[in-house]
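This is what each chain is made of:
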Amino acid sequence: MTALLDIENLSVALGGRRDNRLLRSVSLSVSPGEVMGLVGESGAGKSMIGKTIFGILPRAAEVIEGDVRFDGKSLLTLTQNERRMVRGKHMALIPQDPLTALNPSRRIGSQMTDRLTKILGERRDAANRRARTLLEEVHIRDPDRVLRAYPHELSGGMRQRVLIAEAFAAEPQLIVADEPTTALDVTVQKRILGLIAEMQSRHGAALLFVTHDLGVVAKICQTVTVLYSGMVVEQRKTADLIAAPESPYTHALLDASPRYDRPADALRPVSPEVLATMRAAVANADEAYR
Amino acid sequence: MPLFAAEGLSLSLPDLNAKRLFRPAPRIEILHGLDFEIKERSCVGIVGESGSGKSTLGRALVRLHQPTGGRLTFDGKDITHLGEDALRPLRRHLQVIFQDPSSSLNPRHTVGAIVEAPLRLHGIDNPPKAAREALDQVGLPGAFASRYPHELSGGQRQRVGIARAVALRPRFIFADEIVSGLDTSTQAQVIALLKRLQEELSLTIAFVSHDLSVVRHLCDRLMVMSAGRIVEQGDTAAIFDAPQAPETRALKAAIPLPEIEPGWLTQTPSSAAPPGAPAAPDTTQDAPAATG
C-alpha cells in the first residue's frame, strides 16, 4: 500500500542555514488509516513536523532539504490556494489549546457554520444542521446550548470536543493532533482520547498524534516515531517499542515516566550519560551533513 | 502535634459569573467541612479532578483564602481568621510554588532579584547570599542569578519558583500542579529535587496534582478530593494497594500507563472497579470549567 503521508529526508533550518537545523533529515511515512505517535520532549521538533505538513512554519524556519508528499503529491510546492484546498478538506488539525483556536468573540455555532460553508461549500442552513449533527457525534449532550455558547463558557474538554468535531467534518484522510490532551486533567484526557480513537476508526482517517507522553502513545497509537533534537531515534510498532525499546533514549524516557504501579523510588530522571550519548549522536549527524 | 489541623473547614468564594450589577456576588461553597491533619515533615498529595477544590484547599492552608467555617490551626495556633498583620510573621513559613512559572516570575526582574525580593521583605540577613545558596540548592549555580526568566527553559523557571520558596527556610510549602506542564525528563528531575529538598530542609509539603502517578513517587500521604469533600485519605501506598472511594479508582483508571492494554480506552471507571464495589458516579460528560 502506498503511503498517505510520506516525509522524506526532511531538514528544516533557522534562517535556512545548514548548521542551524531544527529537523535533522527526518523520514517517516503514514499509511491510510494508520495511527502514528510522534513523541519527543520540548524542542525535539515534533510540532515542527506538523507545522511543515500544514505549511505554517514560522517565518524564520525554512525547509532546506527533503520532501513532504501527501497522497503522492509534494506539499512543499503548492501555491497558497492549492494549500488551502488541501487543508481542512483532505487533512485537518486538532490543536493543543482549544481556547486559542476558537474566536473568543463569536458563538460556537456561527464559527462552525462559517468553517463548514468554506470547507464543504454547503449553504448556511445545511451547514447549521451539519454542525449540530457533528456535535452529537462527539457525544455533546445538549448541542443546542453549545452552539449558542461562547468559547469561554465551555470547559476545556467541551472545547476540545468542538474542535474534534470540526476536524472530522470534511472526512479528511489525515488528522494531525498536536498534544490535544496536554491541557486537560487525567479523567477528561481519557474521555477525549477515547473520542479521538472512536472518531478515527469510524471515519478511517490516518492520525498523526503528537505528544510527549509515552503512556498516551501506548493507548492510542499503532506505530511510533521517537524524536530527539529534530532527529528520529526510534521508529517502530508501539507494542515492540514498549516491550523492548532499542534506543537508550527511549529506554530512559520510559524510566523517567512516573507510574503509580511502581514503588516510589523507581523513578529515574534521564541520566547525564544518556543525554551525552544523544548529544554526540546529534553532533555526528551534523558533522556528516556538512 | 500535627503541623496543620483542620476541623470542619469550609470555604466559600463569591461567584463572579452570577454577579449582578450593583449587587454583591452570591457566594458559592467550594470546600464542605473538611477534617484532616498534616504531620510535620510529611508530603501530602492532594488529588482530584479539576473543580474538586484541591487548589482552593492548598490556598486556604497558606491563608491566601480565608476559611468561612470550621477551624484551621498551624503549629497549634488558630489561623482560621487571622488578619493580615497577625499573619505576617507566619507568612515566611507558608510558602507557595505556583503552577505556571512564566506568569509567577516577573519578566523584568533577574532571577537573583526574584529570589531576593521575599528575603528582603522578611528582613533576612544578606539577601544576595541567601538567594545564591537557594539557587545552588535547586541546581541553578552562579551565572543564573543575572539571567531573566525568558532566558530559561520551563524546568529551569520552575526551579526558580522552588528556590524562591525554599530561600526563606519555610516550614511548609504548597506546590500547586508544579510539574504538570513539564516534559517527562524534566518532570522526573523536579520530583527528585523536591524529594531531596524535603529531606535536607525538613519541609512539610502539600502537593496538588491531578496525576496519581506523580503523587505516588513523591508523597507519603494522600487526600483524594471530589466536589469539595475529602473522599479518601491515608497512607499513599495503602491507598494505591486498595483504593476505597470510587473517585480514587476513577483517577487511577484514567492514567495511561506506558503499557499495551487493549480496551483501556473504552473502559469506564465503574467497570475498572473491583466486582461488588459501588459504581462510580456518572462521569460521561466533562466537568464544568475549572475554578482554579
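Residues numbered from 1 in each chain as written. Chains lettered and ligands numbered in written order. Predicted model: local features only at pLDDT ≥ 70, side-chain atom pairs only at ≥ 80, totals over all residues.

What follows deals with the overall build of chain A. Assigned secondary structure in chain A consists of 12 helices and 10 strands. Its C-alpha atoms give chain A a radius of gyration of 20 Å, within 12% of the compact-globule value 19 Å for 290 residues. Here the C-alpha coordinates of chain A stretch approximately 60 × 50 × 40 Å along the principal axes. For chain A, the residues scored as buried account for 48% of the 290 residues in total. Nonlocal contacts in chain A, meaning residues at least 24 apart in sequence, comprise 65% of its contacts between residues at least 6 apart. (Helix = DSSP H or I, 4+ residues; strand = E, 2+ residues; numbered from the N terminus. Rg over C-alpha atoms; globule rule 2.2 N^0.38 Å. Buried ≥ 20, exposed ≤ 12 C-beta atoms within 10 Å, placed from the backbone. Contact = placed C-beta atoms within 7 Å.)

A separate point is the pairing of strand β3 (residues 43-47) of chain B. Residue and element names in this part refer to chain B. Extensive coverage of β3 is indicated by the burial of five of its five residues. Burial along β3 is two-sided: the face carrying C43, G45 and V47 and the face carrying V44 and I46 are both buried. By the bridge criterion, five bridges tie β3 to strand β8 (residues 204-209) in an arrangement that is parallel. Opposite I46, over in β8, you have V208 as the bridge partner. Here β3 runs beside strand β9 (residues 221-226); their pairing, made up of four bridges, is parallel. Residue V47 lies in a different strand from β9, and its bridge partner there is V224. (Pairing = 2+ DSSP bridges.)

With that settled, consider the interface of chain B and chain A. In this complex, chain B contributes 37 residues to the contact, which on the side of chain A involves 39 residues. Elements that contribute at least two residues to the side of chain B that touches chain A include exactly α7 (184-200), α8 (212-218) and α10 (246-253) of chain B. It is α7 of chain B that contributes the most residues to the side of chain B that touches chain A, six residues altogether. Of the residues assigned to the side of chain B that touches chain A, the class counts are 19 nonpolar, 11 polar and seven charged. (Nonpolar A, V, L, I, M, F, W, Y, C, P; charged D, E, K, R; others polar.)

What follows deals with the sheet that holds strand β7 (residues 172-176) of chain B. Residue and element names in this part refer to chain B. Ordered in space as β6-β7-β8-β3-β9-β10, the six strands form an open sheet in which the pairing is mixed. Unpaired on one side and paired on the other, β6 (94-97) and β10 (229-235) mark the two borders of the sheet. Between one strand and the next, the sheet's axes are offset by a mean angle of 20 degrees, whatever the strand orientation. Against the sheet, helix α6 (residues 154-166) engages β6 and β7, with an angle of about 175 degrees to β6. (Axes fitted to C-alpha atoms, helices over the stretch in contact; angles between N-to-C directions.)

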